[in-house]
Amino acid sequence: MAGAIIENMSTKKLCIVGGILLVFQIIAFLVGGLIAPGPTTAVSYLSVKCVDARKNHHKTKWLMPWGPNQCDKIRDIEEAIPREIEANDIVFSVHIPLPSMEMSPWFQFMLFILQLDIAFKLNNQIRENAEVSMDVSLAYRDDAFAEWTEMAHERVPRKLKCTFTAPKTPEHEGRYYECDVLPFMEIGSVAHKFYLLNIRLPVNEKKKINVGIGEIKDIRLVGIHQNGGFTKVWFAMKTFLTPSIFIIMVWYWRRITMMSRPPVLLEKVIFALGISMTFINIPVEWFSIGFDWTWMLLFGDIRQGIFYAMLLSFWIIFCGEHMMDQHERNHIAGYWKQVGPIAVGSFCLFIFDMCERGVQLTNPFYSIWTTDVGTELAMAFIIVAGICLCLYFLFLCFMVFQVFRNISGKQSSLPAMSKVRRLHYEGLIFRFKFLMLITLACAAMTVIFFIVSQVTEGHWKWGGVTVQVNSAFFTGIYGMWNLYVFALMFLYAPSHKNYGEDQSNGRYELQQAKVNPLLGAEIPPPRAPAAKLCTHEKLSKPTQPQFRRSGCPQWGRTPAHHHYHPCGRTH
């Protein structure tokens, strides 16, 4: 990486670039905190108990909780006894959204969790490892007076985890159990205006279906969807950042290909990081507004996984390529021990996501956590990924320690150097440490803002200004990693400045050094002053990478931008 812009840029220019990036970073946080609303909204739904008196319930009939064609309702289960209504005739109906409202494609997804209100009865207690089995039908329509169209119909089993804090005596009959919330449904798109859920709890004592689950009084749902206003801000950021990263990526690779040498490993990894950032930036979500693409959540997880795997690999290779005493550099095979855990961990998380959201593409009520085998499998994937992540960070911390230790050792030889060389080497070391600290700062900001977004109420009020903390976290961190990748491709692009024998201010003596203190690469001795050469004689290779020029293939470009003909004539 000798000759990169970061090595030749003055401290003043570096501070200017850093200041500009800092301004964009602040703007990214302010866009989410002041312009965008909260990322998501949670809406509570209480089911309405409808009566389906048809025999055997052969044909599907959609029971509406309210409206002109509302169902025959009962207030509570006790009302069903005098009316001789059986448990199999009761349907819990939920209309999404609430009355006088509509769903929108800008909501992007719908996630529902289930809460059961179960009363304690001495003759109908919840058994150990009880499982409730629900017959769930989901329908949609886009007009308030149109017919419902079935979207999914599944048998949904869920294990009950309930406790009763009071003594189980007749005096405490009617008190509710404290039950954990249950995952219920997830849909990766909101392509329709109205949705309807009909939930049945069929009872079969011979097959022991819904026996020993207590007396269920009510079914409550909590629906979570993305806010439309946040979606528009998020799409706008993606639309703005995509060409920005793409342009700097093309510019970066163009400067790489203009070099007379092939790209080194670190340059390839930085370019791959730019590709992964561009891949995650491409705003394909715009198509979800007009198309019913339920796979967008899974696709988004895959894109994020590719980027973070590439980012973790870059950190390892970045440290390794700056290891001064390391001999196996510039080869990806030399990093298999460090990159291996990243690949294994990423693969485990990918399999876990496919087992969860991949199955939900055909069955929105599926959850891998609802069965013992699924829970054990999911925990196994997560534990293996966690172990790989711990191994990775141990390798990374060790390599960072080695790099700083080697730099400290090299610094002891600085006083014996001339002033020009000492200042140059001190600048290289300073800029390397600066970039390392910026990397740590980005990682720390990600963790800190994530924790803050989890423990706060979602927004802060300063006088008359409301700051959406969660939205600021999403837009700020997303903008931060884009700026990080942008800075890498800009600062590590090859510079047009090279150290030659006719450069002023005594920089010719830098070529006398045998080792580059930043990369540890040996530098060949300088050329003798050029004498007149015959036109048919071949010039020796330059001591520093130079840009190719069209026309005469033996023309070179010096830092002073003078062009020398092989016969000694200056052009």
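A quick note: this is a predicted structure, and the numbers were derived from the prediction, not measured.

The subject of this paragraph is helix H4 (residues 265-281). One turn of the α-helix equals 3.6 residues, which is why residues spaced by three or four share an orientation. Taking 1.5 Å per residue as the helical rise, H4 with its 17 residues ought to reach 24 Å, and the 24 Å between its terminal C-alpha atoms agrees with that figure. Taken across its 17 residues, H4 has 13 buried, putting it largely inside the fold.

Once that is clear, we can look at the environment of Gly 223. Topologically, Gly 223 is positioned in strand E12 (residues 215-226). Classification of Gly 223 as buried rests on a relative accessible area of 4%. Between the C-alpha atoms of Gly 223 and Met 110, which are 113 residues apart in sequence, the distance is 6.6 Å. For Gly 223, the residues in contact, after removing those within four places along its chain, are Thr 41, Ala 42, Val 43, Tyr 45, Leu 111 and Phe 112.

Per the UniProt annotation, the sites labelled "transmembrane region" (unreviewed entry) are residues 233-253, 265-284, 296-318, 339-359, 379-407, 428-452 and 472-493. Note that residues 296-318 is 100% helix and 0% strand, and that its end C-alpha atoms are spaced 33 Å apart. Structurally, residues 472-493 comprises 91% helix and 0% strand, and the distance from its first C-alpha atom to its last is 31 Å.

Here we come to the side chain of Arg 141. Considering the arrangement of structural elements, one finds Arg 141 in strand E6 (residues 131-141). Despite its burial, Arg 141 pairs with no opposite charge; the closest candidate is Glu 147, at 6.7 Å N-O. Only 2.8 Å separates the side chain of Arg 141 from the backbone oxygen of Ala 146, close enough to count as a polar contact. When neighbours within four sequence positions are excluded, Arg 141 is seen to be in contact with Met 64, Ala 146, Glu 147, Trp 148, His 192, Lys 193 and Phe 194.

Let's shift gears to the sheet that holds strand E5 (residues 110-119). The antiparallel open sheet is built from four strands, whose spatial order is E1-E12-E5-E10. Edge positions in the sheet fall to strand E1 (40-46) and strand E10 (182-187), since each of these pairs with one other strand and no more. Averaged over neighbouring strand pairs, the angle between their axes works out to 20 degrees when direction is ignored. Judged from the seven bridges that link them, E1 and E12 form a sheet pairing that is antiparallel. Bridged to Thr 40 within E12 is Gln 226.

In this model, the chain carries an average pLDDT of 80, and 80% of its residues clear a pLDDT of 70 or more. Strand E13 (residues 459-462) is the least confidently modelled element of the chain, averaging 63 in pLDDT, while strand E11 (residues 194-200) averages 94, the highest of any element. Note that pLDDT drops below 50 for residues 499-571; the model gives that stretch 122 contacts with residues more than four away or on any other chain.

Counted under the stated rule, the structure contains 26 aromatic pairs. Cluster of aromatic residues (ring-pair linked, three or more members): Phe 279, Phe 287, Phe 291, Trp 293, Trp 295 and Phe 299. Looking at Lys 232, its charged tip hangs above the ring of Trp 106, at a distance of 5.3 Å from the centre.

Picture the strands of a sheet paired through backbone hydrogen bonds; they go either parallel or antiparallel. The strand order across the open sheet built from six strands is E3-E2-E4-E11-E6-E7, with neighbouring strands paired in antiparallel fashion. The two strands at the open ends of the sheet, each matched to only one other strand, are strand E3 (73-74) and strand E7 (149-159). Two elements, strand E2 (residues 48-51) and E3, share two bridges in a ladder whose sense is antiparallel. Of the residues in E3, the one forming a bridge with Lys 49 is Ile 74.

The biggest cluster of nonpolar side chains holds 62 residues, and the ones touching the most others in it are Phe 314, Trp 315 and Trp 481. Counting residues per element, the ones that place at least two in this core are helix H1 (5-8), helix H2 (11-35), helix H3 (228-257), H4, helix H5 (296-321), helix H7 (372-411), helix H8 (419-455) and helix H9 (469-491). Within the second largest apolar cluster, 46 residues are counted, among which are Ile 77, Ile 85, Ile 118 and Cys 179.

Counted according to the given criterion, the structure contains two disulfides. At a sulfur-sulfur separation of 1.9 Å, the disulfide partner of Cys 50 is Cys 71. Because the sign of the S-S torsion sets the handedness, a value of about -55 degrees for the bond joining Cys 50 and Cys 71 places this disulfide among the left-handed ones. Linking Cys 50 in strand E2 with Cys 71 in the loop between E2 and E3, this pair joins segments that are 21 residues apart in sequence. Take Cys 50: its relative accessible area is 0%, and that puts it in the buried class. When its relative accessible area of 10% is taken as the criterion, Cys 71 is described as buried. Cysteine pairing in the chain follows 1-2, 3-4, where each cysteine in a disulfide is numbered by its order in the sequence.

Moving on: H2. Under the 1.5 Å per step criterion, the end-to-end length of H2 is 35 Å for 25 residues, consistent within 8% with the ideal 36 Å. Residues of H2 that are buried include every one of Leu 14, Leu 21, Gln 25, Ala 28, Phe 29, Gly 32 and Gly 33, and no others.

Note the cis peptide between Ile 96 and Pro 97, where omega equals 5 degrees. Position of Pro 97 among the secondary structure elements: in the loop between strand E4 (90-96) and E5. You will see that Gln 108, though not glycine, has its phi angle at about 70 degrees, which is positive. Structurally, the position occupied by Gln 108 is in the loop between E4 and E5. For Gln 108, a relative accessible area of 13% puts it in the buried group. One non-glycine residue, Lys 208, adopts positive backbone phi at about 55 degrees. Here Lys 208 shows up in the loop between E11 and E12. For Lys 208, a relative accessible area of 62% corresponds to the exposed category.

The next thing to look at is the packing of H5 against H7. The relative placement of two packed helices comes down to the angle between their axes together with the axis-to-axis distance. Look at H5 against H7: their axes get within 9 Å of each other, and the N-to-C directions meet at 25 degrees. Compared by their axis directions, H5 and H7 come out roughly parallel. Where H5 crosses over H7, the handedness of that crossing is left-handed. In this structure, H5 contributes Leu 312, Trp 315, Ile 316, Cys 319 and Gly 320 to the contact, and H7 contributes Leu 389, Tyr 392, Phe 395, Leu 396, Met 399, Val 400 and Val 403. Of the residues assigned to the contact of H5 with H7, the class counts are eleven nonpolar, one polar and no charged.

A word on the side chain of Glu 285. Assignment of secondary structure puts Glu 285 in the loop between H4 and H5. Take Glu 285: its relative accessible area is 11%, and that puts it in the buried class. Here Arg 303 takes part through its side chain, which lies 2.5 Å from a polar atom of the side chain of Glu 285. Excluding anything up to four places from it in sequence, Glu 285 contacts Gln 108, Phe 235, Lys 238, Met 296 and Arg 303.

Analysis parameters
Residues numbered from 1 in each chain as written. Predicted model: local features only at pLDDT ≥ 70, side-chain atom pairs only at ≥ 80, totals over all residues. Heavy atoms only, no water. Helix = DSSP H or I, 4+ residues; strand = E, 2+ residues; numbered from the N terminus. Expected span 1.5 Å × (residues − 1). Buried < 20%, exposed > 50% of the residue type's maximum accessible area, 1.4 Å probe, protein only. Contact = heavy atoms within 4.5 Å. UniProt positions renumbered as here; feature names shortened; annotations may be inferred. Lys, Arg positive; Asp, Glu negative; His and termini not counted. Salt bridge = Lys/Arg side-chain N within 4 Å of Asp/Glu carboxyl O. Polar contact = N/O pair within 3.5 Å; in protein donor to acceptor, adjacent residues only side chain to side chain. Pairing = 2+ DSSP bridges. Axes fitted to C-alpha atoms, helices over the stretch in contact; angles between N-to-C directions. pLDDT = per-residue confidence, 0-100. Phe/Tyr/Trp six-rings, centres within 6.5 Å; stacked < 30°, edge-to-face > 60°. Lys NZ or Arg CZ within 6 Å of the ring centre and 35° of its normal. Core = buried A, V, L, I, M, F, W, Y, C linked by side-chain atoms within 4.5 Å. Disulfide = S-S within 2.5 Å. Parallel < 35°, antiparallel > 145°, perpendicular 65-115°, else oblique. Left-handed = near helix turned anticlockwise from the far one by under 90°. Nonpolar A, V, L, I, M, F, W, Y, C, P; charged D, E, K, R; others polar.

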